[in-house]
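Commentary on secondary and tertiary structure
As a plain string of letters, each chain reads:
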Amino acid sequence: MLDLKQREVYGMKRETFGSRLGFILVSAGCAVGIGNVWKFPYMCGQFGGAAFILIYLVFLLIMGIPVMVCEFGVGRASRHSVAAAYETLEPKGTKWHITKWIGVIGCYFLMMFYTTVGGWMLYYCVRSFRGDFVGADMKTVSAGFSDMLGNMPLMTFWTILISIIGFGVCAFGIQKGIEKVSKFMMTALLLIMIVLAIHSVMMKGAGAGIRFYLIPDFRQMAEIGIGNVIFGAMSQAFFTLSIGIGAMLIFGSYMEKDQRLFGEAVNITVLDTIVALMAGFIIIPACFAYGIEPGAGPSLIFITIPNIFAQVAGGRVWGGLFFLFLSFAAFTTLVAVFENIISFDMDLFGWSRKKSTLVSLILIIILSMPCVMGFNVLAGFTPLGEGSTIMDLEDFIVSNNLLPLGSLGYVLFCTKKNGWGWNSFLEEINQGEGWKFPAGIKGYMSYGLPLLIIIMRYVLPMIVLVIYFKGYYDKFQPMGTKTLIGWMIVAFLFLAFVIGCSCGKSTAEKVDK
């Protein structure tokens, strides 16, 4: 691994963003992904609409923003990706650096299936503008999606295409590539969303969907199960911001120190939330207008929505814009995580951006093939039980394991005395102008008294652990007690790895913090 001085000697000075707006839009582009425009609307439909949204916003505030600030702080202080950040900041003799593999592996696993889904978005964008869904009935639209999944050459083509385009953008660097493209795509995405949302709410019969979306119904929430709604909101707030695997950390490493990080995290979270809420305004009123269940799940995007646009005037244009919007959302996340992967090689091996981009492109294409084949050639392989696919396994590894465990690692590293430590963390994130991260919040993030004594060292990690173990329970409980116990043992072993890395003692003198 090359440190900062060695990198400067070899002419590898750390890149920076060209503007504050560029940083916000790139980071927001990373957070704004399929979880916003795919998962959020159908979770609203599944968990009671506005009541779910209120709880979701609370968890964004008390959980999402603090973890994001941790990632940004570690990135900006270390000036490295997650592959080298811990080594730069950890006290001598501790083992925090081992947890970097959560981020490294997480980014690769995420892209192993995200490239496939991104390819679907591009393909459906082309199909929509081409008019493939005009006049089609539900059976035809559903058959088209099944045919795509079964066509390995077609799936491979679109997966490779979006990977080449994404790494091509990264090859131009931060300012000339990622920042420039993200500014355009995020601006276009927001404009397209506004147009689509206005069109959706103007549909005949959309009023019921708007009321469902905006007016909390706590009676319905009680019928669904208050615990289920709270857990659903907590999980979505956690996963929507792409925190836990260093996807945000990398952009912190490209930041100057002229802005405080708390305000930047708030800005990004607000933008991410606006996109999620706007996605709901696009989908939910349209579902009510055509009598379609808004909690239909992922099939809502590729079967239900094309069927809706097939029935409206100008559906070819509206459907094309909808999938263009989805493509932009997926692509901004792809580019952000691709940049992380490229930086791993640059930080660990001292490779040039050009070499790392080429090697990473080839590697990601190869690693994406199991997901592609999981719907056709390897469709008989059901790793998580009947009906599951290789994509489900990859998603489970990332969403139910690496994201929560990685986030737990960042929180402990930034608050524990044998880690980076609270004072060092606070000093870094409060450099510059903007909103200051309150020192008194250490009670929430670390220790605190009575109520505050328990809350960023105890309560926040406990929230993460609830998400972690509840995810395992929901996934494996239907498969029987023996299966559940076996997987829970696996979950405890993964958790023990993170806790073990956080318990080492420093061999250097260090005053906290």
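This section reports on the structure supplied with the text.

Conventions used here
Residues numbered from 1 in each chain as written. Predicted model: local features only at pLDDT ≥ 70, side-chain atom pairs only at ≥ 80, totals over all residues. Heavy atoms only, no water. Phe/Tyr/Trp six-rings, centres within 6.5 Å; stacked < 30°, edge-to-face > 60°. Helix = DSSP H or I, 4+ residues; strand = E, 2+ residues; numbered from the N terminus. Buried < 20%, exposed > 50% of the residue type's maximum accessible area, 1.4 Å probe, protein only. Lys NZ or Arg CZ within 6 Å of the ring centre and 35° of its normal. Disulfide = S-S within 2.5 Å.

Another aspect to go through is the packing of aromatic side chains. For the structure shown, the criterion picks out 44 aromatic pairs. Here Tyr213 and Phe281 contribute two aromatic rings whose centre-to-centre distance is 4.9 Å and whose plane-to-plane angle is 85°, an arrangement assigned as edge-to-face. Of this pair, Tyr213 sits in helix H10 (residues 207-214) while Phe281 sits in helix H14 (residues 261-289), and the two are 68 residues apart along the sequence. Overall, the relative accessible area of 2% leaves Tyr213 in the buried class. The ring of Tyr124 carries the charged tip of Arg127 above its face, separated from the ring centre by 5.4 Å. Here Lys470 stacks its cationic end above the ring of Phe231, 4.4 Å away from the centre of that ring.

Within the structure shown, the criterion is met by 0 disulfides. Free of any disulfide, Cys70 has its nearest neighbouring cysteine sulfur in Cys414, separated by 3.9 Å. Residue Cys70 is classed as buried on the basis of its relative accessible area of 0%. On the basis of relative accessible area, Cys414 is assigned to the buried category, the value being 0%.

Quick look at unusual backbone geometry now. Backbone geometry places Arg79, a non-glycine residue, at a positive phi of 60°. Structurally, Arg79 is set in the loop between helix H4 (50-78) and helix H5 (82-89). Phi at Ser242 is positive, roughly 60°, even though this residue is not glycine. With respect to the element layout, Ser242 can be found in the loop between helix H12 (226-239) and helix H13 (249-252).

Scope: geometric values only; no functional claims are made or implied.
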